[in-house]
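Each chain, written out:
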Amino acid sequence: MIGKLNHVALVVSDLEAACKSWQQMLGAQLSEAQALPEHGVTVVFIDLPNTRIELLEPLGDGSPVSRFLEKHVGGGMHHICLEVEDILKARDELTAKGARILGKGEPKIGAHGNPVLFMHPADFHGTLIELEEVKPAA
Ligand code: CO
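Residues numbered from 1 in each chain as written. Predicted model: local features only at pLDDT ≥ 70, side-chain atom pairs only at ≥ 80, totals over all residues. Heavy atoms only, no water.

By the element assignment, Gly-60 lies in the loop between β4 (52-58) and α2 (64-71). Under the relative-accessibility criterion, Gly-60 is labelled exposed at 52%. In this structure the C-alpha to C-alpha distance between Gly-60 and Ile-109, which are 49 residues apart in sequence, comes to 19 Å. (Helix = DSSP H or I, 4+ residues; strand = E, 2+ residues; numbered from the N terminus. Buried < 20%, exposed > 50% of the residue type's maximum accessible area, 1.4 Å probe, protein only.)

Next up, the structure:
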């Protein structure tokens, strides 16, 4: 069912400071910061040869990552994102196997313009997994 690792998302309490660390210490290539109000985050992408890192900073009131920062002071790993070819098919297969989808169970458009869903971390031993629909290149 699953394909490539699309990204690893890290929550940070100070996006500017985090960008500086990744850039200056690791030589990372950073994207411009992008505000995603419907997800409650500002995101910066770091392209690596085989995947991406996303730095997430809370945006607005009630950001889901603010709650994360209360428990993980300073930041930490938030989720991994795995690619699937057909997100509705993946969702239906997973729910048939007993996995729970967060929210209303309907895909939302993620930071890369593709439909995404999150699965309940309790069903995956404490790790939050995002699924992103990425159509195979024609
Ligand atoms: Co993500």
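Now that the structure has been shown, the text picks up again.
With respect to the helices, strands and loops of the structure, His-125 is situated in the loop between β7 (115-119) and β8 (128-133). As for His-125 and Ser-31, which are separated by 94 residues in sequence, their C-alpha atoms are 32 Å apart.

With respect to topology, eight strands assemble into an open sheet ordered β2-β3-β4-β1-β5-β8-β7-β6, the strand pairing being mixed. Looking at strand neighbours, the two that pair on one side only are β2 (34-36) and β6 (108-109), the edges of this open sheet. Of the strand pairs in this sheet, strand β3 (residues 41-47) and β4 are connected by seven bridges, and their pairing is antiparallel. Considered in β4, the bridge of Asp-47 is made with Arg-52. In the packing of helix α1 (residues 15-26) onto the sheet, contacts are made with β1 (5-12), β3 and β4, and the angle to β4 comes to roughly 155 degrees. Along the sheet face, α2 touches β1, β3, β4 and β5 (75-84) and points at about 135 degrees away from the line of β5. (Pairing = 2+ DSSP bridges. Contact = heavy atoms within 4.5 Å. Axes fitted to C-alpha atoms, helices over the stretch in contact; angles between N-to-C directions.)

Turning next to the layout of surface pockets. Put simply, the largest pocket is a space of about 720 Å³. Lining the largest pocket are 31 residues; nearest its centre among them are His-39, Pro-64, His-78, Phe-118 and Leu-128. Those elements giving two or more residues to the lining of the largest pocket turn out to be β3, β4, α2, β5, β7 and β8. A breakdown of the residues in the lining of the largest pocket according to their chemical character gives 14 nonpolar, 10 polar and seven charged. Its boundaries defined by the atoms lining it, the second largest pocket holds a volume of some 150 Å³. Lining the second largest pocket, in full, are Pro-64, Arg-67, Phe-68, Lys-71, His-72 and His-78. For the lining of the second largest pocket, the class distribution of residues is two nonpolar, two polar and two charged. (1 Å grid on protein atoms, 1.4 Å probe; cavity = no way out; pocket = protein on both sides within 12 Å on 5 of 7 lines; lining within 4 Å. Points joined across faces, edges and corners; volume = space filled by probe spheres on them. Nonpolar A, V, L, I, M, F, W, Y, C, P; charged D, E, K, R; others polar.)

With that settled, the discussion passes to helix α3 (residues 87-96). Residues of α3 that are buried: Ile-87, Ala-90, Arg-91 and Leu-94. On an axial view of α3, the arc spanned by its buried residues comes to 100 degrees, and they lie on one face. Of the exposed residues in α3, those oriented more than 90 degrees away from the buried face are Lys-89 and Ala-96. At its buried positions, α3 is contacted by β5, β7 and β8. The opening residue of α3 is Asp-86, an N-cap whose side-chain oxygen sits 3.2 Å from the backbone nitrogen of Leu-88. (Arc of directions from axis to C-beta. Polar contact = N/O pair within 3.5 Å; in protein donor to acceptor, adjacent residues only side chain to side chain.)

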